[in-house]
Amino acid sequence: MTRPDRICVGAIAGSFGVQGEVRLKSFCADPEAIAAYGPLWTEDGTRSFTVKLTHASVSGGVGARLSGVATKEQADALKGVQLFADRDRLPSLPDDEFYHADLIGLTAQDTGGATLGTVQAVHNHGAGDMLEILGPGMKSALLVPFTLAVVPTVDLAAGRIVVDMPEGLE
């Protein structure tokens, strides 16, 4: 289980070369910043890695060496592993920006105060962030764009967001 004091900053996309390098898919605004947030941890917290970037841009991310990974086989075995940084190693965000981990679990309410459900996940398929909201009695999750127009209020202290439901999504 992911610790709340760690944020997912990337994932290992596969091996790169034959000497244990990996391709890192960075989830950071500056992809190369991932190396500065180390050590990076596996989701279960049982392994940690220091990261040294070796190539600024490779297919699917950046090339890197991870501590304790010396062979292509070891790198191949890590494909798909998500990497987490301690929250206190990450930069502070402006008031209108949020780490995805902070949004997951918030109660979603409509503009009238009625509860829609809970934010289950944040997705980004290239066109912007989408919040996945699931509530009682819903057969499938509701996906809403995470924009100021649709989600005008994010109140982390109160554990809620307000969703101004776009026409056609209700």
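Refer to the structure above for everything that follows.
Residues numbered from 1 in each chain as written. Predicted model: local features only at pLDDT ≥ 70, side-chain atom pairs only at ≥ 80, totals over all residues. Heavy atoms only, no water.

**Observations regarding the overall build of the protein**
Defined as follows: Put simply, DSSP marks the helices as runs of H or I at least four residues long and the strands as runs of E at least two long, and each gets a number from the N terminus on. Exposure is judged per residue with a 1.4 Å probe applied to protein chains only, and the accessible area is read against the type maximum: over 50% gives exposed, under 20% gives buried, and values in between give partly exposed. By definition in these notes, contact holds between two residues if any of their heavy atoms fall within 4.5 Å. For accessible areas, the Shrake-Rupley method is used with a probe of radius 1.4 Å. Any residue's cover is judged against the shown protein chains and nothing else. Counted as positive: Lys and Arg. Counted as negative: Asp and Glu, with His and the chain ends omitted from the count. For the purpose of locating charges, the reference atoms are NZ of Lys, CZ of Arg, CG of Asp and CD of Glu.
Assigned secondary structure in the protein consists of two helices and 13 strands. Expressed as lengths along the three principal axes of its C-alpha atoms, the size of the protein is roughly 60 × 30 × 25 Å. Relative to its 170 residues, the protein shows a buried fraction of 34%. By sequence separation, contacts in the protein at least 24 residues apart represent 48% of the contacts at least 6 residues apart. Here the protein has roughly 9600 Å² of accessible surface; of this, 52% comes from carbon and sulfur atoms. Across the protein, the mean location of the 13 positive side-chain charges is 11 Å away from that of the 21 negative side-chain charges.

**Some remarks on the state of the cysteines**
Keep this limit in mind: Cysteine sulfur atoms that pair up within 2.5 Å are treated as a disulfide.
Under the counting rule described, the total for this entry stands at zero disulfides. Unpaired in terms of disulfides, Cys8 finds its nearest cysteine sulfur in Cys28, a separation of 9.3 Å. You can call Cys8 partly exposed: its relative accessible area is 25%. Note on Cys28: relative accessible area 14%, which makes it buried.

**A word on the environment of Leu116**
Following the sequence through the fold, Leu116 ends up in strand E9 (residues 115–124). The exposure class assigned to Leu116 is buried, which follows from its relative accessible area of 18%.

**Side note on the environment of Ala85**
Note on placement: Ala85 falls in strand E7 (residues 82–86). On the accessibility criterion, Ala85 (0% relative accessible area) is buried. On a C-alpha basis, the gap between Ala85 and Asp5 in space is 8.5 Å, while along the polypeptide they are 80 residues apart. Contacts of Ala85, omitting those with residues within four sequence positions, involve Asp5, Arg6, Ile7, Val9, Tyr37, Pro39, Leu40 and Leu90.

**Let's talk about the packing of aromatic side chains**
Worth spelling out the cut-off: Aromatic pairing here means that ring centres of Phe, Tyr or Trp (its six-membered ring) are within 6.5 Å. Orientation follows from the plane angle: under 30 degrees is stacked, over 60 is edge-to-face, and everything else is tilted. Two conditions define a charge located above a ring, namely a distance within 6 Å from the ring centre to NZ of Lys or CZ of Arg, and an angle within 35 degrees of the ring normal.
Using the criterion set out here, one finds one aromatic pair in the structure. With 6.3 Å between their ring centres and 65° between their planes, Phe98 and Phe146 make a pair best called edge-to-face. Highlighted residues: Phe98 in the loop between E7 and helix H2 (100–103) and Phe146 in the loop between strand E11 (142–145) and strand E12 (153–155), separated in sequence by 48 residues. Its relative accessible area of 21% is what places Phe146 among the partly exposed residues. A cation sits over an aromatic face here: Arg6 above Trp41, 4.0 Å from the ring centre.

**Let's talk about the pattern of salt bridges**
Inclusion rule: Between Lys or Arg on one side and Asp or Glu on the other, a salt bridge is scored when a side-chain nitrogen of the former is within 4 Å of a carboxyl oxygen of the latter.
Scanning the entire structure with this criterion turns up three salt bridges. The residue Lys72 makes a salt bridge to Asp76 at a minimum N-O spacing of 3.1 Å. Taken together, the residues span about one helical turn, with Lys72 and Asp76 both in helix H1 (residues 72–77) at a distance of four residues. Residue Lys72 is classed as partly exposed on the basis of its relative accessible area of 29%.

**Focus on the nonpolar core**
Test applied: Remark: nonpolar core denotes a set of buried residues (Ala, Val, Leu, Ile, Met, Phe, Trp, Tyr, Cys) joined through side-chain atoms within 4.5 Å.
Membership of the largest hydrophobic core comes to 22 residues, with the highest contact counts inside it found for Leu24, Leu40 and Leu66. Those elements that place two or more of their residues in this core are strand E1 (6–16), strand E2 (21–26), strand E6 (61–66) and E7. Membership of the second largest hydrophobic core comes to 15 residues, among which are Leu103, Leu131, Val144 and Val151.

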